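Secondary and tertiary structure notes
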Amino acid sequence: MDDGGAYLATMRRTAPLVQCITNFVAMNVMANVLLAAGASPAMVHDPEEAAEFAAIAQALTINIGTPDPRWVEGMLAAAEGAARAGVPWVLDPVAVGATAFRRDIGARLLALRPGVIRGNASEILALAGAAARGKGADSADPVAAAEDAARRLAQTSGAVVAVTGPVDYVTDGARAFRIANGHPLMPKVTALGCSLTGVVGAFVAGQPRLEATVAALACFGLAGEIAARAARGPASFQTAFIDALHAMTPDDLTLGARVEAA
Ligand SMILES: Nc1ncnc2c1ncn2[C@@H]1O[C@H](COP(=O)(O)OP(=O)(O)OP(=O)(O)O)[C@@H](O)[C@H]1O
Ligand SMILES: Cc1ncsc1CCO
Ligand SMILES: [Mg+2]
């Protein structure tokens, strides 16, 4: 797992169409982050078209950040459409432990077998059925506390599970990696995690799920490190982050990725 650049190069070459069902907070920044990374985002969520669109996308991502019943119908239809068409899909279970509504949505989506689940530590703990201390969309648990839950969730769901935070942890239930890239300004910009879920979708389109997810996380974290050098605070950081993602070459990623087997 020492050539993250190859996964970035393939993603750029194919420029995958990524269908994003995401929250109202994330929609604009997520689309811009995906364009900067080299993918083609499309925000398509209504049940009238979500399943049909999933069959023409190269990846689908579903984020439950600001749900309502009609959007949930669109999420379920899209996940089913993706499964029928063999399109990989990524679940971002925002604040899944916070309310009964979110727990129910999380369980229904999990039953539709996401290829990857990407969340912060509190979200992965809650989705796995363990005690979690999430503070709404923010994590209140350390990544290390969610590693066992992530491994179990990967084994029971068949998904690759990514827990993000200061050091990310990714597992398919058998193998696992830690990714040390990133910067403390990243959680100070809302929806960067949601945007990362989109980038994970772009990387897993047509590529092996575990390795592509690790490469996506390293790429995202490295862009954060580069952006921090030019930033004066969270607002200028967001701008610099999109620029850094756009400027990153496959060689930059291979040299800058800090990935270790766990
Ligand atoms: N303290 C930190 N230091 C370095 N990198 C971090 C830190 N916290 C988060 N990150 C990085 O920020 C990115 C987003 O992860 P995070 O866990 O904050 O997502 P999230 O909680 O789902 O965010 P949001 O819900 O706001 O979209 C990841 O690339 C992660 O590695
Ligand atoms: C702040 C916030 N609230 C619901 S979704 C979201 C974006 C970060 O997950
Ligand atoms: Mg999140």
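Residues numbered from 1 in each chain as written. Chains lettered and ligands numbered in written order. Predicted model: local features only at pLDDT ≥ 70, side-chain atom pairs only at ≥ 80, totals over all residues. Heavy atoms only, no water.

**Some remarks on the overall build of the chain**
To keep it simple, the criterion reads: Going along the chain from the N terminus, every DSSP run of H or I of four or more residues is numbered as a helix, and every run of E of two or more is numbered as a strand. Each residue is assigned to one of three classes by its accessible area relative to the maximum for its type, calculated with a 1.4 Å probe on protein chains only: buried under 20%, partly exposed between the two thresholds, exposed over 50%. The method behind every accessible area is Shrake-Rupley, applied with a 1.4 Å probe, and residues are considered shielded solely by the protein chains displayed. In this tally, Lys and Arg are treated as positive and Asp and Glu as negative; His is ignored, and so are the chain termini. By convention, the point assigned to a charge is CZ for Arg, NZ for Lys, CD for Glu and CG for Asp.
What the chain contains, in helices and strands, is 11 helices and nine strands. Taken across its 262 residues, the chain has 56% of its residues classed as buried. Entry remark: accessible area of the chain is about 10,600 Å², with carbon and sulfur atoms responsible for 54%. Of note, the chain has its 20 positive side-chain charges centred 4 Å away from the centre of its 24 negative side-chain charges.

**Let's talk about the pattern of salt bridges**
The condition that has to hold: In what follows, salt bridge is the name for a side-chain nitrogen of Lys or Arg lying within 4 Å of a carboxyl oxygen of Asp or Glu.
All chains considered together, the criterion is met by eight salt bridges. We note a salt bridge from Arg178 to Glu147, for which the minimum N-O separation is 2.8 Å. Residue Arg178 is located in strand E8 (residues 176–179), and its partner Glu147 is located in helix H7 (residues 147–157); the two are separated by 31 residues in the primary sequence. A residue is classified by how much of its surface remains accessible, and Arg178, at 33% relative accessible area, is partly exposed.

**Quick look at the UniProt feature "binding site: ATP" (unreviewed entry) in the chain**
Selection rule: UniProt positions are given in the numbering used here, feature names are shortened, and annotations may be inferred rather than shown by experiment. Cavities and pockets were defined on a 1 Å grid built from protein atoms only: a cavity is a group of points that admits a 1.4 Å probe but offers it no way out, a pocket is an open group of points flanked by protein on both sides within 12 Å along at least five of seven lines, and a lining residue is one with an atom within 4 Å of any such point. Contacts are assigned to residue pairs that have any heavy atoms within 4.5 Å of one another. Polar contact is defined as a pair of N or O atoms within 3.5 Å, subject to the rule that within protein one atom must be able to donate a hydrogen and the other to accept it, and that residues adjacent in sequence are counted only when both atoms are side-chain atoms.
Feature annotation in UniProt places "binding site: ATP" (unreviewed entry) on Arg118 and Thr164, given in this structure's numbering. Spatially, the listed residues are clustered: although they cover 47 residues, their C-alpha atoms lie within 7.4 Å of one another. When the annotated set is filtered for residues lining the largest pocket, what remains is Arg118 and Thr164. As for its placement among the helices and strands, Arg118 is situated in strand E5 (residues 116–120). Note on Arg118: relative accessible area 4%, which makes it buried. Apart from the residues within four sequence positions on either side, Arg118 is in contact with Val90, Leu91, Asp92, Pro93, Ala162, Thr164, Gly193, Cys194, Leu196, Thr197 and Val200. Relative to the helices and strands, Thr164 resides in strand E6 (residues 160–164). A residue is classified by how much of its surface remains accessible, and Thr164, at 13% relative accessible area, is buried. With sequence-adjacent residues up to four places away left out, Thr164 is seen in contact with Arg118, Gly119, Asn120, Ala121, Val143, Leu196 and Leu217. Of note is the side chain of Thr164, whose polar atom sits 2.8 Å from the side chain of Arg118.

**A word on the state of the cysteines**
As used here, a disulfide is simply a covalent bond connecting the sulfur atoms of two cysteines. Defined as follows: Put simply, a disulfide is two cysteine sulfurs that come within 2.5 Å.
In this structure the tally under the stated criterion is zero disulfides. Take Cys20: it sits in no disulfide, and the sulfur closest to it among the cysteines is that of Cys194, at 11 Å. Judged by relative accessible area, which is 1%, Cys20 ranks as buried. For Cys194, a relative accessible area of 11% gives the class buried.

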